[in-house]
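Now for the letters of each chain:
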Amino acid sequence: MKLEIKNLHVFIEDKEVIKGLDLAMNEGEFHVLMGPNGSGKTSLSKAIMGHPAYLIKEGDILVDGKSIKDLSTDKIAKLGLFLGFQNPIEVDGLGVINFLNTARGAVSKDNAPFKDFLNEVKSNAESLKIKEDLVNRSLNFGFSGGEKKKVEVLQMAMLKPKIAILDEPDSGLDVDAIKLVAAKINEIRKNTKAGILLITHYSRILKYMEPEYVHIMHDGKITREGGKDLIEEIESKGYKA
Ligand SMILES: Nc1ncnc2c1ncn2[C@@H]1O[C@H](COP(=O)(O)OP(=O)(O)OP(=O)(O)O)[C@@H](O)[C@H]1O
Ligand SMILES: [Mg+2]
C-alpha cells in the first residue's frame, strides 16, 4: 500500500492549518514526523483519517493512486490506515474488549473465534504490561496518560493496519514503558510489515527503533527531510538551526 499526500491544504473552520504539504510513504517503511508545537502534525493525521472538522480545500490524499479525501473514517480504516491518538478520548460504557472485537470485525476481516481473539488481546496486553483489569474497563475511562498510550498500541497490534500513524505514542510514558512500547511497535512492524508514520518530539523512543525517513514540519508544511541523523541534529540544535 502506498500513501501519498499532494499539495494538501486543510482548514479548521476559517483557519488554514496545513498549507501545501507533500509526503509519500509505502507499507513497510518507517517514517518519523517532527516539528514544533502547533506546526500541524496532529491536524495532518486527523485530515488523513477523514475527521469531519478538518476540511481539505486543495490537494489530495491518495491510497494506491485513489483519492481517499471524500471517504468516511470507517472506509479509510478498512483500507488499512490506523491512527493512534495523541489524546485518546474516554468512552464511558464501551468496554475495551468489546471495542476491539467490534473493530477487528469491521476493519480487519479477522473472524478468528472469540476465544482466540481474547487470548491474542491478553498476550499483547501482557507484553505491554497493561494490567489485566484494564481491558475489562471502559475504553480509556479514568486510564492514566501512559495507560491510554499503551492501549493505542494494543489497538494497532489487534487491528494490524497496513500503515499506522502514531501521534506521540511516547508522550507521558515512563522510561520503562517507552522501551516496552518501542519493542511492541518493532514487533508489530516485523510481523505485519506495516508502514509507520511516527510523530514525536523526542529522540528517546527512536533509540530503540530504526526509522528510515525523517520529515520536519513547520507551519503546516514539510520544511526538511532526511535520515536518522536529522533526529540527533534537531535534538542538539533545535528547530531553528
Ligand atoms: N479544533 C481546532 N480549532 C481551532 N484551531 C485548532 C483546532 N485544532 C487545532 N488547531 C490549531 O491548529 C494548529 C495545529 O495544531 P496541531 O494540533 O495540528 O499541532 P501539532 O503539530 O500536533 O502540535 P503538538 O506538537 O503540540 O501536538 C494549532 O495552531 C492549533 O491551535
Ligand atoms: Mg499534536
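Scroll up a little and you will see the structure.
Residues numbered from 1 in each chain as written. Chains lettered and ligands numbered in written order. Predicted model: local features only at pLDDT ≥ 70, side-chain atom pairs only at ≥ 80, totals over all residues. Heavy atoms only, no water.

(A) Up close: a positive patch on the surface. Taken together, the side chains of Lys75, Lys78, Lys109 and Lys162 make up a positively charged region of the molecular surface. Relative to the elements of secondary structure, lysine 75 occurs in helix H2 (residues 73–78). On the basis of relative accessibility, which here comes to 47%, the residue lysine 75 falls in the partly exposed class. (Patch = residues over 30% accessible without salt bridge, like charges linked within 9 Å, V, L, I, M, F, W, Y side chains within 5 Å. Areas by Shrake-Rupley, 256 points an atom, 1.4 Å probe, with all protein chains shown as cover. Salt bridge = Lys/Arg side-chain N within 4 Å of Asp/Glu carboxyl O. Lys, Arg positive; Asp, Glu negative; His and termini not counted. Charge placed at Lys NZ, Arg CZ, Asp CG, Glu CD. Helix = DSSP H or I, 4+ residues; strand = E, 2+ residues; numbered from the N terminus. Buried < 20%, exposed > 50% of the residue type's maximum accessible area, 1.4 Å probe, protein only.)

(B) Structural context of the coordination of the magnesium ion (ligand 2). Here the magnesium ion (ligand 2) is held by the protein donor atoms Thr42 (OG1) and Gln86 (OE1), which lie 2.0 to 2.1 Å from it. Pair noted here: threonine 42 is in helix H1 (residues 41–48) and glutamine 86 is in the loop between strand S6 (81–84) and strand S7 (91–95), with a separation of 44 residues, a long-range link. Taking relative accessible area as the criterion, threonine 42 reaches 24% and is therefore assigned partly exposed. Among the residues examined, glutamine 86 registers a relative accessible area of 24% and is labelled partly exposed. (Donors = N, O, S within 2.8 Å, 3.2 Å for Na, K, Ca; no water.)

(C) Just the packing of aromatic side chains, in detail. The final tally for this structure, using the stated rule, is one aromatic pair. An angle of 40 degrees between the planes, with centres 5.6 Å apart, marks the rings of phenylalanine 114 and phenylalanine 117 as tilted. With phenylalanine 114 and phenylalanine 117 both in helix H4 (residues 114–127) and three residues apart, this pair spans about one turn of that helix. In this structure phenylalanine 117 comes out as buried when scored by relative accessible area, which is 0%. (Phe/Tyr/Trp six-rings, centres within 6.5 Å; stacked < 30°, edge-to-face > 60°.)

(D) Focus on the sheet that holds strand S5 (residues 66–67). Taken together, four strands build an open sheet; the order of strands is S2-S1-S4-S5 and the sheet is antiparallel. Either end of the sheet is taken by a strand with one partner, and the two such strands are strand S2 (15–26) and S5. Two elements, strand S4 (residues 54–63) and S5, share two bridges in a ladder whose sense is antiparallel. Following the sheet pairing, leucine 62 is matched in S5 by serine 67. (Pairing = 2+ DSSP bridges.)

(E) How the structure looks around the sheet that holds strand S10 (residues 195–199). Within the open sheet, the six strands sit side by side as S6-S9-S10-S3-S11-S12. Their pairing is mixed. Of all the strands in the sheet, just S6 and strand S12 (221–226) have a single pairing partner and so form its edges. Neighbour to neighbour, the strand axes of the sheet diverge by 20 degrees on average, direction disregarded. With five bridges joining them, strand S11 (residues 213–218) and S12 adopt antiparallel strand pairing. Residue pairing across strands places methionine 217 opposite isoleucine 222, the latter belonging to S12. (Axes fitted to C-alpha atoms, helices over the stretch in contact; angles between N-to-C directions.)

(F) Region of the structure containing the nonpolar core. Core analysis: the biggest nonpolar cluster contains 43 residues, and Val121, Leu154, Ile185, Leu198 and Ile205 have the highest contact counts within it. With seven residues, the single largest contributor to this core is helix H5 (residues 145–159). Formed by 28 residues, the second largest nonpolar core is a distinct cluster that contains Met49, Leu81, Leu83 and Ile165. (Core = buried A, V, L, I, M, F, W, Y, C linked by side-chain atoms within 4.5 Å.)

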